[in-house]
Amino acid sequence: MSIDPAPHGASPPIRVLLAEDQVLVRDSFKLLIDTTPGLVTVGEAGAGAEAVLLARRHRPDVVLMDVRMPDMDGIEATSRICADPSGPGTRVLMLTTFDQDDYVYASLRAGASGFLLKHATATELLAAIRVVAAGEALLAPTVTRRLIADVLRRSHPAPATRDLGHITQREREVLTLVGTGMSNSEIAEHLHLTVGTVKTHIGRLLAKLHARDRAQLVIAAYDGGLVNPSTR
């Protein structure tokens, strides 16, 4: 597929790889993306291994990845895509049915930058792609609380495995609230801080914990024992 260069002064389109085994669903996503200004589909995969291959070939900005894929599930495919040094800028947005999938925690570990419920609206899908492409994590508080809390209640993750001794007490408080799914404004209100101060703390946490986005901070909160089912 050839992609016309962006007009002078315009931002290049967000390049999306679709990884979905249901053809009708994939075609619907493709039609929506390709008719939306600023977005373009660069490839389509119907299986996990194919998604890994096409991500390496096209280096998309965002991979829209179904959790359940033939021959290699979306978690393993995500892990391989995110670990590939040839495409460090590629972000993965997972598609989940929530009520059926127990893969949220594993997906975050694999490097996913967020989740989109399969019953999301077209507007929500487009917004999610843009959020993830911008380097943010799509972990809306309601989604984080519902998905991760439910998975943790059933999967009983291992005790704390990450040393958080090098972060400050205030950073620890902020990280705990990030792990519970609070937004920056909610954290600011809870801790009586400005939103700007919260953003500063989160920036420092990203650097200290070598996390690439907010999704990995959620993992750090659980790995560090700051958040668990009993604290929810």
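Residues numbered from 1 in each chain as written. Predicted model: local features only at pLDDT ≥ 70, side-chain atom pairs only at ≥ 80, totals over all residues. Heavy atoms only, no water.

Caption draft 1: Inspection of helix H5 (residues 122-133) at higher detail. Spanning 12 residues, H5 covers 17 Å between terminal C-alpha atoms, matching the ideal 16 Å at 1.5 Å per step. Within the sequence span of H5, burial applies to Leu125, Leu126, Ala128, Ile129 and Val132. Buried residues of H5, seen end-on, are gathered within an arc of 160° and therefore sit on one face of the element. Along its buried surface, H5 packs onto strand E1 (14-19), helix H1 (23-34), strand E2 (39-45), strand E3 (62-66), strand E4 (91-96) and strand E5 (114-117). Once H5 finishes, Gly135 follows within two positions and takes phi at roughly 95°, a positive value. (Helix = DSSP H or I, 4+ residues; strand = E, 2+ residues; numbered from the N terminus. Expected span 1.5 Å × (residues − 1). Buried < 20%, exposed > 50% of the residue type's maximum accessible area, 1.4 Å probe, protein only. Arc of directions from axis to C-beta. Contact = heavy atoms within 4.5 Å.)

Caption draft 2: Seen up close, the packing of helix H2 (residues 48-58) against helix H3 (residues 74-83). The geometry of H2 relative to H3 is characterised by a closest axis approach of 9 Å and an angle of 15° between their N-to-C directions. Classified by the angle between their axes, H2 and H3 sit roughly parallel to one another. Where H2 crosses over H3, the two elements pack in a sense that is right-handed. Counted together, Gly48, Ala51, Val52 and Ala55 of H2 and Ala77, Arg80 and Ile81 of H3 form the full contact between these two elements. Along the lines of polarity and charge, the residues of the contact of H2 with H3 split into five nonpolar, one polar and one charged. (Axes fitted to C-alpha atoms, helices over the stretch in contact; angles between N-to-C directions. Parallel < 35°, antiparallel > 145°, perpendicular 65-115°, else oblique. Left-handed = near helix turned anticlockwise from the far one by under 90°. Nonpolar A, V, L, I, M, F, W, Y, C, P; charged D, E, K, R; others polar.)

Caption draft 3: Fine view of the sheet that holds E1. What the five strands build is an open sheet, ordered E2-E1-E3-E4-E5; its pairing is parallel. Across the chains shown, the open sheet's two edge strands, defined by having one partner strand only, are E2 and E5. Strand-to-strand twist of the sheet, defined as the mean angle between neighbouring strand axes without regard to direction, takes the value 25°. Examined bridge by bridge, E1 and E2 share six bridges and lie parallel to one another. (Pairing = 2+ DSSP bridges.)

Caption draft 4: Fine view of unusual backbone geometry. Phi at Arg59 is positive, roughly 50°, even though this residue is not glycine. Note that Arg59 resides in the loop between H2 and E3. Of note in this structure, His192 is not a glycine but carries a positive phi near 60°. Topologically, His192 is positioned in the loop between helix H8 (184-191) and helix H9 (195-208).

Caption draft 5: Quick peek at H3. For H3, the full list of buried residues reads Gly74, Ile75, Ala77, Thr78, Ile81 and Cys82. Along the long axis of H3, the arc covered by the buried residues comes to 160°, so they all point the same way. If you check the start of H3, you find a side-chain oxygen 3.0 Å away from the backbone N of Ile75, and it comes from Asp73. (Polar contact = N/O pair within 3.5 Å; in protein donor to acceptor, adjacent residues only side chain to side chain.)

Caption draft 6: Molecular detail of the side chain of Arg26. Residue position: Arg26 is located in helix H1. Engagement of the side chain of Arg26 in a polar contact is seen with the side chain of Glu44, the distance being 3.3 Å. If we ignore the near neighbours within four places in the chain, the residues touching Arg26 are Leu18, Glu20, Asp21, Glu44, Ala45 and Gly46.

Caption draft 7: View of the packing of H8 against H9. Where H8 contacts H9, the axes come no closer than 8 Å and their chain directions differ by 105°. Relative to H9, the element H8 lies roughly perpendicular. Only Val195, Val198, Lys199 and Ile202 of H9 make contact with H8, whose side of the interface consists of Asn184, Ser185, Ile187 and Ala188. Of the residues assigned to the contact of H8 with H9, the class counts are five nonpolar, two polar and one charged.

Caption draft 8: Inspection of the pairing of E4 at higher detail. Counting buried positions along E4 yields six of six residues, so the element is predominantly enclosed. Side chains Arg91, Leu93 and Leu95 of E4 all project onto a buried face; the interleaved residues Val92, Met94 and Thr96 project onto the opposite face, where all are buried too. When E3 meets E4, the two strands line up parallel, connected through five bridges. Counted as the bridge partner of Val62 is Arg91 from E4.

Caption draft 9: Molecular detail of the pairing of E3. The buried fraction of E3 amounts to five of the five residues, a majority that puts the element mostly inside the structure. The alternating pattern of E3 places Val62, Leu64 and Asp66 on one face and Val63 and Met65 on the opposite face, and all of these are buried. Where E1 and E3 come together, four bridges link them in parallel fashion. The residue of E3 that forms the bridge with Ala19 is Met65.

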